[in-house]
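# Remarks on the overall topology
The lines below spell out each chain.
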Amino acid sequence: MHFQTFFIIIFSSFFVSCNKSPLPSEAESMVSLSLKQEIASKILSKTNNIRNTQELTDLIQDEEMDILATLHSDNMINYDFFDHVDHQGKSPSDRALDLNYTYSKLAENIGYVPWFENVSSCGDTRSAEAIAECVVEGWKNSPGHYANMIGDFVELGVGVSFTKDSIAYFTQVFRTR
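Residues numbered from 1 in each chain as written. Predicted model: local features only at pLDDT ≥ 70, side-chain atom pairs only at ≥ 80, totals over all residues. Heavy atoms only, no water.

## Considerations on the environment of Glu-64
Put simply, the rule is: The secondary structure listing takes helices from DSSP runs of H or I that are at least 4 residues long and strands from runs of E that are at least 2 residues long, numbered from the N terminus. Each residue's exposure class comes from its accessible area (1.4 Å probe, protein chains only) as a fraction of the maximum for that residue type: buried when under 20%, exposed when over 50%, partly exposed otherwise. In this description, contact between two residues means that some pair of their heavy atoms is separated by no more than 4.5 Å.
Topologically, Glu-64 is positioned in helix H2 (residues 63–78). Classification of Glu-64 by relative accessible area gives partly exposed; the value is 26%. Along the backbone, Glu-64 and Val-173 are 109 residues apart, and their C-alpha atoms lie at a distance of 9.7 Å. What Glu-64 contacts, discounting residues up to four positions off in sequence, is Tyr-101, Arg-175 and Arg-177.

What follows is the structure in structure tokens.
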């Protein structure tokens, strides 16, 4: 089935024409969890590759920031919003403090990309590699989000969640303690 839709990668719109390919069912939680972890790992790696081109140190994967990022990605889907401020009016720093996560500096990138066949500017995003590349390139091409990626941070958390119609929502949370 062919259809056209628009999607946003951090305030940038891209035209999409695609054939829907089903994502593993949420009932297959182990498969879905494994896919989400693979995508998150690739996003960390690709972000560090960008940092390396600027001769910056690698960000360290951080479990607390992974939890914070995943909660935000889940909430964007569950409460139908796309913003850094959540459905309760809380900023990334508010959410970190609510979970008793300490930081001296914190930043967040968000994005969403469909798991489809012909995504404009990305091609076929139906693999962990391709969808991670698509969202990281979107952030790289957005000055504010790129600044976070190459900013003075030490840790990174990545959250990946999928809607029932196979749209992936992404959150990166950068932290320096």
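## A word on the confidence of the model for the protein chain
Quick note on the threshold: pLDDT expresses how confident the predictor is about each individual residue, on a scale running from 0 to 100.
With 82% of its residues at a pLDDT of at least 70, the protein chain reaches an overall mean of 86. Here residues 1–31 is a poorly scored stretch, pLDDT under 50, and it has 77 contacts once near neighbours within four places are set aside; other chains count.

## As for the environment of Asp-62
Threshold: As used in this structure description, the phrase polar contact means that two N or O atoms lie within 3.5 Å; if the pair is within protein, one of them must be able to donate a hydrogen and the other to accept it, and residues adjacent in sequence are counted only when both atoms belong to side chains.
Looking at where Asp-62 falls in the secondary structure, it is placed in the loop between strand E3 (60–61) and H2. Asp-62 sits in the buried class, given a relative accessible area of 8%. As for Asp-62 and Val-173, which are separated by 111 residues in sequence, their C-alpha atoms are 9.5 Å apart. Those residues within four positions of Asp-62 in sequence are excluded, and the remaining contacts are Glu-155, Leu-156, Gly-157, Arg-175 and Arg-177. A distance of 3.2 Å separates a polar side-chain atom of Asp-62 from the backbone nitrogen of Glu-64.

## Side note on the nonpolar core
Test applied: Here, the term nonpolar core denotes a set of buried Ala, Val, Leu, Ile, Met, Phe, Trp, Tyr and Cys residues that are joined through side-chain atoms within 4.5 Å.
If you look at the biggest cluster of nonpolar residues, it comprises 26 residues, and the most contacted ones within it are Ile-39, Ile-43, Val-160 and Phe-170. For this core, the secondary-structure elements that each account for two or more residues are helix H1 (29–53), strand E4 (105–114), helix H4 (128–140), strand E5 (155–162) and strand E6 (167–176). It is H4 that contributes the most residues to this core, 7 residues altogether. The next biggest cluster of nonpolar side chains, apart from the first, holds 9 residues, and it includes Ile-110, Phe-116, Val-119 and Ile-167.

## Digging into the packing of aromatic side chains
Test applied: The aromatic pairing rule takes the rings of Phe, Tyr and Trp, using the six-membered ring of Trp, and pairs them if the centres are within 6.5 Å, calling planes under 30 degrees apart stacked, those over 60 edge-to-face and the rest tilted.
Enumeration according to the criterion identifies 5 aromatic pairs in this entry. Considering the side-chain rings of Tyr-112 and Tyr-169, the 4.9 Å spacing of their centres and the 20° angle between planes classify their relative orientation as stacked. In this pair, Tyr-112 is assigned in strand E4 and Tyr-169 in strand E6, connecting sequence segments 57 residues apart. The class of Tyr-112 is buried, set by a relative accessible area of 14%.

## Quick word on the sheet that holds E4
The condition that has to hold: Any two strands between which DSSP finds at least two bridges are classified as paired. Here, axes are lines fitted to C-alpha atoms. For helices the fit covers the stretch in contact, and angles between N-to-C directions go from 0 to 180 degrees.
As summarised here, the arrangement of the 4 strands in space is E3-E5-E6-E4, forming an open sheet in which the pairing is mixed. Across the chains shown, the open sheet's two edge strands, defined by having one partner strand only, are E3 and E4. In this structure, E4 lies alongside E6, joined through 10 bridges in antiparallel fashion. Bridging across to E6, Gly-111 finds its partner in Phe-170. Relative to the sheet, H2 contacts E3, E4, E5 and E6, its axis offset from that of E5 by approximately 30°. Its contacts with the sheet put H4 on E4 and E6, and the angle it makes with E4 is roughly 125°.

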